[in-house]
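Per-entry structural report
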Amino acid sequence: MNNNRRTVLASALAASIAVAAPMSAFAQKKIVMGFSQIGAESEWRTANTNSMKSAAAAAGIELKFSDAQQKQENQIKALRSFIAQKVDVIALTPVVESGWDTVLKEIKDAKIPLILMDRSVDSKDTSLYATHIGFDFVKQGEMAGQWLVERAKTMKGDINVVELQGTVGSAPAIDRKKGFEDAIKGNSNIKIIRSQTGDFTRAKGKEVMEAFLKAEGKKINVLYAHNDDMAIGAIQAIEEAGLKPAKDILVISVDGVKGAFEAMIAGKLNVSVECSPLLGPLVMATAKDIVAGKTVARRIIGKDGVYPMETAAKEFPSRQY
Ligand code: GYE
């Protein structure tokens with residue numbers, strides 16, 4: 001039996017157990033995936049949405065895409081509508097970590113497998129989802145902090161850091177903060193003097209950086225932004241305040257999007273910790289396996305790495321997002 005045929009048969013079997021669909025009817029059927037995306041807050045998110053859409057098309061999966069405009073209540077509505085439409089599999093990127101138990105239980109009761117993509121939930125019952133394809137955000141925060149600890153060896157006196165946090169209550173904001181704090185802990189001269197959310201957007205990053213500059217002025221030595229977009233917004237604020245980003249104020253951020261590489265090449269951003277948004281192909285392959293009744297890994301970690309400005313020009317041509 002060839003592989004394709006085996007996959008089709010296995011998925012028909014899984015489906016007949018799950019929803020008692022007649023085998024012949026199901027064998028013809030395309031997999032339908034409901035995908036609840038957060039919104040379009042950043043360059044990262046746009047690349048992630050594009051990756052999901054193109055990978056679904058390439059895999060022959062029908063994608064029902066829903067944009068939540070940053071609101072958990074919109075995501076819950078979308079998930080309930082996916083249940084009502086009896087989709088074969090659901091992919092969810094939860095905007096915040098908590099408050100998912102009820103709707104996740106409804107998905108489980110409807111016997112629809114759930115893939116968490118990118119961000120995670122804090123639900124104690126891990127049987128509520130089949131797998132989490134995402135990142136180690138704490139590690140990303142640590143990598144950002146370690147870069148500063150190394151750099152600090154060449155600096156004198158107190159090092160005052162301002163922090164732009166991601167969306168309040170989101171996994172990457174909570175974990176990137178923690179990882180960074182853990183990494184700088186042993187260095188008593190490195191202090192976070194201000195920390196506020198910039199919602200992962202350029203506009204908010206700029207606005208909050210302006211407020212930081214107004215309050216602290218030249219005391220600020222370092223900006224740590226939980227994503228590139230906020231850093232790019234903040235860089236504008238730094239320049240408008242007559243200061244030089246990456247020189248007067250070191251700039252550290254996370255994601256590794258094209259905009260960050262351009263800023264590094266222009267000498268305005270010191271380092272970006274990569275977090276690849278190109279999860280689409282992995283999500284689609286995993287969805288096919290799940291529908292075919294195969295066992296999949298509970299946790300799949302995406303690609304990360306550290307890109308200092310010195311390497312940016314060399315890396316830029318091969319960047320895919
Ligand atoms: O870093 C940020 C986006 O959840 C990893 O969300 C993602 C984050 C990403 O808006 O740019």
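Under an unreviewed UniProt entry, the name given to the protein chain is ABC transporter substrate-binding protein, and the source organism is Rhodoferax mekongensis. Word for word, the UniProt comment on the protein chain under Sequence similarities (unreviewed entry) is "Belongs to the bacterial solute-binding protein 2 family." The Subcellular location (unreviewed entry) comment attached to the protein chain in UniProt states, word for word, "Cell envelope".

Next up on the list: the overall build of the protein chain. For the protein chain, the count of helices and strands is 12 helices and 12 strands. At 22 Å, the protein chain has a C-alpha radius of gyration in line with the 20 Å of a compact globule built from 321 residues. Overall, the C-alpha framework of the protein chain stretches about 70 × 40 × 35 Å when taken along its three principal axes. Among the 321 residues that make up the protein chain, the fraction classed as buried is 53%. Across the protein chain, every contact between residues at least 6 apart in sequence was considered, and the portion connecting residues at least 24 apart equals 74%. If the 43 positive side-chain charges of the protein chain are averaged to one point and the 37 negative ones to another, these points end up 3 Å apart.

Let's shift gears to the site of the ligand. Taken together, 13 residues lie near the ligand, and Glu41, Arg119, Arg176, Asn227 and Asp255 sit nearest. Contacts to the ligand include Asp118, whose side-chain N or O atom sits 2.9 Å from an oxygen atom. Contributions of two or more residues to the shell around the ligand are made by α3 (43–59) and α7 (171–184). Partitioned by chemical class, the residues of the shell around the ligand number 5 nonpolar, 2 polar and 6 charged. Viewed by domain, the shell around the ligand spans two of them, domain 1 (31–135 + 277–303) and domain 2 (137–275 + 308–318), each represented by three or more residues.

Residue position: Thr93 is located in the loop between β3 (89–92) and α5 (101–109). Among the polar contacts listed, one links the side chain of Thr93 to the backbone oxygen of Met117, at a separation of 3.0 Å. Not counting residues within four places of it along the chain, the set of residues in contact with Thr93 comprises Phe35, Ser36, Gln37, Ile38, Arg45, Gln75, Met117, Asp118 and Arg119.

The rules behind the values
- Residues numbered from 1 in each chain as written.
- Predicted model: local features only at pLDDT ≥ 70, side-chain atom pairs only at ≥ 80, totals over all residues.
- Heavy atoms only, no water.
- UniProt positions renumbered as here; feature names shortened; annotations may be inferred.
- Helix = DSSP H or I, 4+ residues; strand = E, 2+ residues; numbered from the N terminus.
- Rg over C-alpha atoms; globule rule 2.2 N^0.38 Å.
- Buried < 20%, exposed > 50% of the residue type's maximum accessible area, 1.4 Å probe, protein only.
- Contact = heavy atoms within 4.5 Å.
- Lys, Arg positive; Asp, Glu negative; His and termini not counted.
- Charge placed at Lys NZ, Arg CZ, Asp CG, Glu CD.
- Near = heavy atom within 4 Å.
- Polar contact = N/O pair within 3.5 Å; in protein donor to acceptor, adjacent residues only side chain to side chain.
- Nonpolar A, V, L, I, M, F, W, Y, C, P; charged D, E, K, R; others polar.
- Domains from an automatic or database assignment.

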